[in-house]
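# Observations on chain architecture
Residues per chain, in single letters:
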Amino acid sequence: MLDDPIKYGLLAALAIALVVAAITDLKSRRIANWLNAAVAIGAPFFWYAMGLSFWPEIAAQVGVALLTFAILSVLFALKAMGGGDVKLLTALALWIEPSLYLKLIIMMALLGGVLTLVFGAWNLMRRQKNRIGIPYGVAISAAGLWVIGTFYMPASTIAGAAQ
């Protein structure tokens, strides 16, 4: 049974936001600023529900988010990543504890590689030679959902849902 409905309600809201981000990125190659802002604004409520202390837990999450933004801003400047993707991943860093955030990044990279292969094959089949626009928000969202389902939801809830 879910022991804290506020915590799990916030995680459900984050999961819905990630699904919306994936769908909109897939359809229009854009992730809305209001959606990224909502994800970022929800993080302090989640910190409170989780009972995190300002030092070192919240400070570490904010530090990881700032580092994420700094690194991804360089990728954005090089046109290797979209602005919505940068903002979504930065906002997600505010929610996911640093030790799990590295797992999220690894899963996102793996899913992004598969997504790139799929879209590359699709462009080849359609004989298009223009630059492929990869909706990387799909990989970010899928990795975020994986972390939420794997590390934040109780095992008994996940096992019950699978039956």
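As the structure is a prediction and not an experimental result, all values here were calculated from the model. (Residues numbered from 1 in each chain as written. Predicted model: local features only at pLDDT ≥ 70, side-chain atom pairs only at ≥ 80, totals over all residues. Heavy atoms only, no water.)

### Considering the overall build of the protein chain
Heads up, the rule is: Strands are runs of DSSP state E lasting at least 2 residues, helices are runs of H or I lasting at least 4, and numbering of each runs from the N terminus. C-alpha atoms define the radius of gyration in this analysis, and the globule rule sets the expected value at 2.2 Å times the number of residues to the power 0.38. Only protein chains enter the accessibility calculation, which uses a 1.4 Å probe; a residue whose area is less than 20% of its type maximum is buried, one above 50% is exposed, and one in between is partly exposed. Every residue pair with non-hydrogen atoms within 4.5 Å of one another is taken to be in contact. With residues, only the protein chains shown are counted as cover, and all accessible areas are computed by Shrake-Rupley using a 1.4 Å probe. The convention is simple: Lys and Arg are positive, Asp and Glu are negative, and His and the chain ends are not counted. Just so you know, the charge point we use is NZ for Lys, CZ for Arg, CG for Asp and CD for Glu.
Across its full length, the protein chain holds 7 helices and 0 strands. Taken over C-alpha atoms, the radius of gyration comes to 17 Å for the protein chain, in line with the 15 Å a tight globule of 163 residues would show. Each of the three principal axes of the protein chain carries a C-alpha extent, and together these read 55 × 40 × 25 Å. Counting over 163 residues, the protein chain shows a buried share of 36%. Taking as baseline every contact in the protein chain between residues at least 6 positions apart, the subset at least 24 positions apart corresponds to 72%. As displayed, the protein chain offers around 9500 Å² of accessible surface, 73% of which is attributable to carbon and sulfur atoms. If the 11 positive side-chain charges of the protein chain are averaged to one point and the 6 negative ones to another, these points end up 23 Å apart.

### Thoughts on the packing of aromatic side chains
Rules: Centres within 6.5 Å are what make two rings of Phe, Tyr or Trp a pair, Trp counting through its six-membered ring; a difference in plane orientation under 30 degrees is then read as stacked, over 60 as edge-to-face, and the rest as tilted.
Taken as a whole and judged by the stated rule, the model has 3 aromatic pairs. Both rings, one in phenylalanine 46 and one in tryptophan 95, keep their centres 4.9 Å apart while their planes meet at 25°; by these two values the pair is stacked. With phenylalanine 46 in helix H2 (residues 33-50) and tryptophan 95 in the loop between helix H4 (83-93) and helix H5 (98-125), the pair connects residues that are 49 residues apart, well separated along the chain. In terms of burial, phenylalanine 46 and tryptophan 95 fall into one category: buried.

### As for H5
How we decide: What a helix should span is 1.5 Å times the count of its residues minus one.
Taking 1.5 Å of rise per residue, 28 residues should cover 40 Å, and H5 covers 40 Å from first to last C-alpha, within 8% of that figure. Listing the buried residues of H5 in full gives Leu100, Tyr101, Leu104, Met108, Gly112, Leu115, Phe119, Gly120 and Asn123. Where H5 is buried, its residues touch helix H1 (5-28), helix H3 (54-77), H4 and helix H6 (136-152). In the stretch just after H5, arginine 127 is the one whose phi turns positive, near 55°.

### Describing the side chain of glutamine 61
What counts, and what does not: Any N or O atom pair separated by 3.5 Å or less is treated as a polar contact, with the protein-specific requirement of one donor-capable and one acceptor-capable atom, and with residues adjacent in sequence counted only for side-chain atom pairs.
Here glutamine 61 lies in helix H3. Residue classification places glutamine 61 among the buried positions, given a relative accessible area of 4%. Looking at glutamine 61, its side chain comes within polar contact range of the main-chain oxygen of leucine 94, at 2.6 Å. Setting aside residues no more than four positions away along its own chain, glutamine 61 makes contact with Trp47, Leu52, Ala93, Leu94, Trp95, Ile96, Glu97 and Pro98.

### Side note on the nonpolar core
Where we set the bar: For this analysis, a nonpolar core means a set of buried residues of the types Ala, Val, Leu, Ile, Met, Phe, Trp, Tyr and Cys, connected via side-chain atoms within 4.5 Å.
Formed by 40 residues in total, the largest nonpolar core has its most connected members in Leu89, Trp95, Ile96, Leu104 and Ile140. When residues of this core are traced back to their parent elements, those giving at least two are H1, H2, H3, H4, H5 and H6. With near-sequence residues (within four places) excluded, isoleucine 96 lies in contact with Gln61, Tyr101, Leu104, Val147 and Tyr152.

Keep in mind these values describe shape, not function.
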